[in-house]
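Fold and contact review
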Amino acid sequence: MRIDIIDTVSGFNAIRENWDQVFMADPHAQHFLSWYWLEDYMLRRKRWFILALRERPEGSPYVAFLPLRVLTEPDKKTGRYYDTIVMAGNAAADYAGFITLPEYEHHAVAGFCSYLRQQNWTDLKLDYIAGPPERRQAMIHALQGPLVMFRDSTPKNAYNIDNSICPVVTLPDDFDAYLDTSMSSQTRQKLRRFLRKIESDDEYRITFATADTIKRDMDILFHFWRIRWAPHKGKERTELLIGATRQMLMDCFHRGNLEVPVLWVGERPLGALANIIDRQKLSVLFYITGRDEEWKTPSPGLVLHGHCIRRAIQAGFKTYDFLRGNEPYKYFFGPEERQLSCTHFRTRSGENLGDRLHPRSIRFVYEEALKLYKSGAKAKASVAFSQVLHAAPDHGGAQFGLAKLMFDRGDFREAEIAFTSLLASSDDPVMLWLRIGETRLAQSHHNEAAEAFRQVINRAPFHREALYKCAIALIAAGRSMEGAEILDRLQHYHSDDAANLEYAEKARAALARLDLSKKAVPVPAELIAMAEKPKRSGKRWQAPKILH
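Described below are features of the structure shown in this document. (Residues numbered from 1 in each chain as written. Predicted model: local features only at pLDDT ≥ 70, side-chain atom pairs only at ≥ 80, totals over all residues. Heavy atoms only, no water.)

Quick look at the packing of aromatic side chains
To keep things clear, this is the line we draw: What counts as a ring pair is set by centres within 6.5 Å for rings of Phe, Tyr and Trp (its six-membered ring), and what kind of pair is set by the plane angle: stacked under 30 degrees, edge-to-face over 60, tilted for all other angles. Only protein chains enter the accessibility calculation, which uses a 1.4 Å probe; a residue is then buried when its area is under 20% of its type maximum, exposed when over 50%, and partly exposed in between. Each ring is checked for a lysine NZ or an arginine CZ that lies within 6 Å of its centre and within 35 degrees of its normal; such an atom marks a charge sitting over the ring.
Scanning the entire structure with this criterion turns up 19 aromatic pairs. Ring centres 5.4 Å apart and planes at 85° place the aromatic pair F12 and W19 in the edge-to-face group. Accessibility expressed as a relative area gives 2% for F12, which makes it buried. Each ring, one from F407 and one from F412, has its centre 5.3 Å from the other, and the planes form 65°; the classification is edge-to-face. Ring pairing ties together the aromatic residues F12, W19, W35, Y36, W48, Y62 and F65, which thus form one cluster. For R228, the ring lying beneath its charged end belongs to W229, and the centroid distance is 4.3 Å. Against the face of Y128 rests R324, its NZ or CZ located 3.5 Å from the ring centre.

See below:
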């Protein structure tokens, strides 16, 4: 057996047929592991990857898939970054896990866990894994050890709801048979009475969202949901949840996999559901609801769920899945419980395995280091650049960042050595020579500084900053006429660029301070200070073109 990594949209598209074959063969596979749902979800996410298991012969079909993501956060005290591997659908999918051909399940667990043991992570969160408990036990056995510990991480909310339990209704072929076998007599009689009332009274109606009404119907649903939950979750978090949920549900709608029934009395909406339709596994997945809390009877929730269950039976669906959470109202409909598992693996050291960043985090941490530097958090930037360099010793961007920090600390000689060492791997040395010139100027190595700035000018003849600083270095080295000639040329350059105009003005000011009638012309201290001070702008912080 061998593991391949799929981490591009084109690669994921290429395995669609293979994925569907495995998905349909796995009795524990659910909609949130379907190719359709994952494609929409992962297109909006970064740093996802899929472990694909197949028999060794090249070109043989894959027999199992495990979709994952890498998340990276800094420690608030140390500033060091740590990696967490999570299930790809986390925060949106009620079910997660892997899919496999049944006969390869043991191979899938062994192969996936072997790969994960070799990855760099501090936390591995296998949340809401669907499938038999033997899957979880096999993964715990394969992953725990001297370096890794684990615990059950099943969450419960403030209302003591167990989100690892999914109530699922098995649907018979006939709605009356469902009512007679799945509901209490009281609930059965109430539902029948309510449905008759809805169907016989012209004032009531149930609509299903169309392309023309989907925005209105989603607004109704989330309006009710917001009223119910904003006091508990807070306004900001509520709006974030609504935004993410709406986006995911709209993806399903555009695929033709979402139904949004709304119960009305006249023009007043009473309640709405969002049901994801899993046509591959013939299951209706109830995702979210909202109702008018002031309306009492007929119960919008009972009516809408009853109507949708009858509709699902008529369409030949096999299950009506209430998804995560054992809220009492779900048990009115006669479900059985499907158990999920949540397991949190963590390294005993509290550091990434291998004591280095995950390869998929290097670019992320490097970009975070740039943000930290630009915001003035230089100590944290140094930690991040160092972590990047530890994981990728040839990362030119991190080397440049650390060299820049040396310069800012006043370690000019060390910074010069660091900038110079990068020249061999850079295909655009202009920025490096400019920095080398600045370090030499700061050390009062004026002739050497002028030579470094000349290197910039040779490659970019109209580089205003290099011209100005070269002139200052020449003047400081006692070569006043050469420096004045450059300043004179610089002050007459015409450009609409504000930066170029700035250096033309600096050149005029520098010339005004010089007395060229004297043989020895000391450069005014304020000019050297102006030349030494690095310009702080987002554009100037771009690292040279070095392999990252």
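Once you've had a look at it, read on.
Quick look at empty space enclosed by the protein
What counts is decided by this rule: Residues are said to line a cavity or pocket when one of their atoms sits within 4 Å of a point; the points come from a 1 Å grid over protein atoms alone, cavities being sets where a 1.4 Å probe fits but cannot get out and pockets being open sets with protein on both sides within 12 Å along at least five of seven lines. Grid points are joined across faces, edges and corners, and a volume is the space filled by probe spheres set on the points. Under the scheme used here, helices are H or I runs from DSSP no shorter than 4 residues and strands are E runs no shorter than 2 residues, and both carry numbers assigned from the N terminus. Charged means Asp, Glu, Lys or Arg here, nonpolar means Ala, Val, Leu, Ile, Met, Phe, Trp, Tyr, Cys or Pro, and polar covers whatever is left, Gly included.
Summed over the entire model, instances satisfying the criterion amount to 4 cavities of 30 Å³ or more. By volume, the largest cavity is sized at about 40 Å³. What lines the largest cavity is simply L126, I129, R136, M139, I140, S341, T343 and F345. Sorting the residues of the lining of the largest cavity by element identifies β6 (123-129), α5 (133-143) and β16 (341-347) as the ones contributing at least two each. Taken together, the residues of the lining of the largest cavity break down into 5 nonpolar, 2 polar and 1 charged.

Read these as layout, nothing more, since geometry by itself doesn't imply function.
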